[in-house]
Amino acid sequence: MKTETMKRYSGSMKLTAALTLPMLLGATMVAQTASQVPNQQPGHAPVFTISVRSEIVLTNVVARDKQGNVVKDLKSSDFTVFENGKPQKISSFDFQNVDLAAALKEQTTVAGTTSIAKMLERSIGEDKQALRDHRLIVIFFDLSSMQQSDIDRGVDSAKEYINKKMAPADLVAVVSMDTSLKLVQDFTADRQSLLRAVGSFNGTEGQGFANGGNGDSEGTADDASSFVADDSEYNSLNTDRSLYAILQVAKSLERVDQRKSLLYFSGGLTRNGIENQASLRAATNAATKANMSIYSVDTRGLQALPPVGDASTGSTRGTSAYNGAAMQSRLDSNFSSQETLASLSSDTGGKAFFDSNDFGPAFQAIQHDTEAYYIIGFRSTDQRRDGSFRKLQVKINRPDIKLDYRPGYYAPADFQHQKNEDRELALNEQLRSDAPAVDVAVYLQALYFRQNDNHFFVPVSLIVPGSQIPFTQVKDQSKATIDIIGNVKNAQQIVVGSARETVKLQLDANQQVQRKNIQYSTGFSLAPGRYHLKFVVRENQSGNMGSFETDINVPDMKKVPLKLSSVLVANQRTPNNNPRNQSLLVRDGQQYVPNIPHVFRQDQHLYFLYVFETPIIEANAVNIPDRNAVGFQFDVPLAQLAPGSYICQVNVIDDAGGTFTFPRMAMMITAPVAAPAVPAATPTAAAKPGE
């Protein structure tokens, strides 16, 4: 097919039948439309799924006599476990005793590994049973919250423990966080490796993400600056980073049954109201599930809090230094930063150590609490997944024994019982996760169209089959909501674009949404380069999620001989005369809606949209003058083509430059579907199904 408006450029399109499967690609967000998807074929037997969920609750119990000695001859019949006052049947029982620890073969265990729990890959012992009767201790240096002197005190205490107090049964790992979470040393009993690990920290690594001010100048140092920044949101994000790091450590260890101890060196964690509540709850839940106790150490030690500040700061602004407000503010701030650490420890069965310059008791407490203990497991009779706190009580049939155990745990919460903060956290976790979510089918497609010399408009469209979304019937309409989150990372894994939106779907009952697709589109402005896109979709009735990842290479037009944008195929156009809409998918007042699965019906039209860029000398043939480009649009009626699979090829030939390109894509043509009977009066739906 020759274009009559172009004299030196030709474009042709050829449709050839082929036995190929249609390619399903994905796209972005901007509007909701729908296109037909095949429903379950008639005559096919329904698929029945039986799911069984069995969750066991583990709690560590230390039994001591009146002299403080560990009692080591107890049996499961000696214990009774209560959850919220109701007795539970003990389903697992084990006893760990460090005096019985056997030497491990550590020839394959060392630094340089990429994950913490390498014992799962038999890199510490021959198998997981080799870890029996050992202490598993993780020393965590949160460098982002510590001052230089705090880091030095923590390192000195760790070296003293390794040199003088480390027992043969101790397996220790070293983790740090400054700008990112790092495994410095995997679990090992080699003292020299551990000393090298903790000795790698120095004072210059601190203060990377120290908390800022709250915008109030009262009581702050008078340092000649009249403006005090409000860093409340930054402080909340900083606290979330630390809590999320603890969560990641706990998750990496949850497959190991033995009790784990996390020694957390920190300069304090400050919560901002309820902003960090979801992160705190997630961290404690992950630690409890992993049978990991957190021992928090405030590395600031014993502090002097003079009301007017010390010699390192300027004089205090305002009148707070004279009415006691400055002193009270300092005390409140110090208590707030310690309260989060105390919550982490108490909720996970550990201990917190504050206001002391001697950190040795923290190591002693870990060794004392884990020298011998019983692991008791039960399956809760309360099957509700409501996220509530459940109080644990363990009793023994001997009055001369005192038991030490954690006070309770938070039950798992299903989607209906999750709070908004927890739902948002789950969505972001899935976006960061390397494992895909597959409960909801998602298809995505990303294209590119040049905006100017250095930027491209990248439209992204994604579709979700309507059968994947459970709708709630309200009178004569079906309603549902879906959450969509996504980001774009460059080659350096830096996020350069993000999207987040909750889409409300409201469809008329006669639109048969189960046989349609829900399509959502968005776009990004990107420079030439390689990018990675990931989008996550969640339907908000059951909480099921699906994800789609793809790479896109935005070409540098200065380095390619033939400058051609992506080829967009569509079967639907919608009117769009909004002058504010800068989308390059709008042509002549019509916005092209990408057809992502490339499936068409015979009674539809096939629209092509792509841009071929010409040299400046051909300006007389340019129909997009602001970008020195030529836009091609094809409208092909499909009635004359038989249903089946096709390969569509667009031939673009530059006669003057002697270059050419032949982009092609798979597509499928189906027979037209008889339209269902439509009532006389049909209310307008919020999301319109595609043709």
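Conventions adopted
Residues numbered from 1 in each chain as written. Predicted model: local features only at pLDDT ≥ 70, side-chain atom pairs only at ≥ 80, totals over all residues. Heavy atoms only, no water. Helix = DSSP H or I, 4+ residues; strand = E, 2+ residues; numbered from the N terminus. Buried < 20%, exposed > 50% of the residue type's maximum accessible area, 1.4 Å probe, protein only. Areas by Shrake-Rupley, 256 points an atom, 1.4 Å probe, with all protein chains shown as cover. Expected span 1.5 Å × (residues − 1). Contact = heavy atoms within 4.5 Å. Pairing = 2+ DSSP bridges. Axes fitted to C-alpha atoms, helices over the stretch in contact; angles between N-to-C directions. Parallel < 35°, antiparallel > 145°, perpendicular 65-115°, else oblique. Left-handed = near helix turned anticlockwise from the far one by under 90°. Nonpolar A, V, L, I, M, F, W, Y, C, P; charged D, E, K, R; others polar. Polar contact = N/O pair within 3.5 Å; in protein donor to acceptor, adjacent residues only side chain to side chain. Salt bridge = Lys/Arg side-chain N within 4 Å of Asp/Glu carboxyl O. Phe/Tyr/Trp six-rings, centres within 6.5 Å; stacked < 30°, edge-to-face > 60°. Lys NZ or Arg CZ within 6 Å of the ring centre and 35° of its normal.

Asker: For this particular structure, what's the right way to read the overall build of the protein?
Answerer: A tally of regular secondary structure across the protein gives 8 helices and 33 strands. Looking at the protein as a whole, 48% of its 691 residues are labelled buried. Here the protein has roughly 34100 Å² of accessible surface; of this, 51% comes from carbon and sulfur atoms.

Asker: In this structure, what is going on with helix α1 (residues 148–165)? I would like to understand it.
Answerer: Residues that lie three or four places apart on an α-helix share one face, since the helix turns once every 3.6 residues. Over its 18 residues, α1 extends 25 Å from the first C-alpha to the last, a length consistent with the 26 Å expected when each residue adds 1.5 Å. Lining the buried residues of α1 we find β6 (135–142), β7 (170–177), α2 (191–199), β9 (260–266) and α7 (360–369).

Asker: Looking at this structure, I do not really get the sheet that holds strand β11 (residues 352–353). What am I missing?
Answerer: Where strands meet in a sheet, backbone hydrogen bonds hold them as pairs that are either parallel or antiparallel. Strand order across the open sheet formed by 6 strands is β8-β7-β6-β9-β10-β11, with mixed pairing between neighbours. The open sheet has two edge strands, β8 (181–188) and β11, and neither has a second partner. Pairing analysis gives 5 bridges linking β7 to β8, with the strands arranged antiparallel. In the sheet register, Ser-176 faces β8, and the bridge partner there is Lys-182. Against the sheet, α7 contacts β6, β7, β9, β10 (292–298) and β11, and its axis sits at roughly 170° relative to β9.

Asker: Would you mind going over helix α4 (residues 277–289) with me for this structure?
Answerer: Spanning 13 residues, α4 covers 18 Å between terminal C-alpha atoms, matching the ideal 18 Å at 1.5 Å per step. With 10 of 13 residues buried, α4 lies mostly within the body of the structure. The complete set of buried residues in α4 reads Ala-278, Ser-279, Leu-280, Arg-281, Ala-282, Ala-283, Thr-284, Ala-286, Ala-287 and Thr-288. Just downstream of α4, Asn-291 is the residue with a positive phi angle, here 60°.

Asker: Got a minute to help me understand the packing of α4 against helix α8 (residues 420–432) in this structure?
Answerer: How two helices sit against one another is set out by the angle between their axes and by the gap between those axes. Two elements in contact, α4 and α8, have axes whose closest approach is 9 Å; the angle formed by their N-to-C orientations is 70°. When the interaxial angle is binned, α4 and α8 end up roughly perpendicular. As α4 packs across α8, the resulting crossing turns out to be right-handed. Counted together, Ala-278, Ser-279, Arg-281 and Ala-282 of α4 and Glu-421, Asp-422 and Leu-425 of α8 form the full contact between these two elements. Counted by class, the contact of α4 with α8 contains 3 nonpolar, 1 polar and 3 charged residues.

Asker: What is the right way to look at the side chain of Ser-521 in this model?
Answerer: As for its position among the elements, Ser-521 is in strand β22 (residues 517–526). A relative accessible area of 13% means that Ser-521 is categorised as buried. Of note is the side chain of Ser-521, whose polar atom sits 3.1 Å from the side chain of Ser-461.

Asker: Please explain the sheet that holds strand β5 (residues 90–97) as it appears in this structure.
Answerer: Here we have 4 strands laid out as an open sheet, ordered β5-β12-β2-β14, and antiparallel in their pairing. Of all strands in the sheet, those bounded by a partner on one side alone are β5 and β14 (402–404). Each strand axis lies, on average, 30° off the axis of its neighbour in the sheet, ignoring direction. Relative to β14, strand β2 (residues 57–64) is paired through 3 bridges, and the arrangement is antiparallel. Residue pairing in the sheet places Ala-63 in a bridge with Leu-403 of β14.

Asker: Just checking my understanding: could you explain unusual backbone geometry for this structure?
Answerer: Backbone geometry follows two general trends: most residues other than glycine have a negative phi, and most peptide bonds adopt the trans configuration. The backbone of Asp-355 shows a phi angle near 55°, a positive value even though the residue is not glycine. Along the chain, Asp-355 falls in the loop between β11 and α7. Positioned with a positive phi, Gln-493 is a non-glycine residue whose angle comes to about 65°. Structurally, the position occupied by Gln-493 is in the loop between β20 (477–490) and β21 (495–508). Judged by relative accessible area, Gln-493 falls into the exposed class, the value being 52%.

Asker: What's the story with the pattern of salt bridges in this structure? I'm lost.
Answerer: Once the charged atoms of two side chains with opposite charge are near each other, the side chains can pair. On inspection of all chains with the given rule, the structure shows 19 salt bridges. Put simply, Arg-64 and Glu-371 hold a salt bridge, and the shortest N to O gap is 3.4 Å. A residue pair is termed long-range when its members are at least 10 positions apart, and Arg-64 in strand β2 and Glu-371 in the loop between α7 and β12 (372–378) qualify at 307 residues. Arg-64 gets classed as buried once you look at its relative accessible area, which sits at 13%. Judged by its relative accessible area of 27%, Glu-371 falls in the partly exposed class.

Asker: How should the packing of aromatic side chains be read in this particular structure?
Answerer: Two numbers describe a pair of aromatic rings. These are the distance of the centres and the angle of the planes. For the coordinates displayed, the defined rule picks out 13 aromatic pairs. Ring centres 5.8 Å apart and planes at 45° place the aromatic pair Phe-79 and Phe-93 in the tilted group. With Phe-79 in strand β3 (residues 79–83) and Phe-93 in strand β5, this residue pair connects regions lying 14 residues apart in the sequence. With a relative accessible area of 4%, Phe-79 lands in the buried category. Its relative accessible area of 30% is what places Phe-93 among the partly exposed residues. Centre to centre, the rings of Phe-265 and Phe-363 are 6.2 Å apart; their planes meet at 45°, and the pair counts as tilted. Remark: Phe-363 occurs in helix α7 and Phe-265 occurs in strand β9; sequence separation between them is 98 residues. Take Phe-265 and Phe-363: they sit in the same class, and that class is buried. Grouped by ring-pair contacts, the aromatic residues Phe-141, Tyr-161, Phe-201, Phe-265, Phe-359 and Phe-363 constitute a single cluster. In this structure, Lys-395 packs its charged tip against the face of Phe-82, placed 5.2 Å from the ring centre. Over the aromatic face of Tyr-244 sits the side chain of Arg-432, whose NZ or CZ is 4.2 Å from the ring centroid.

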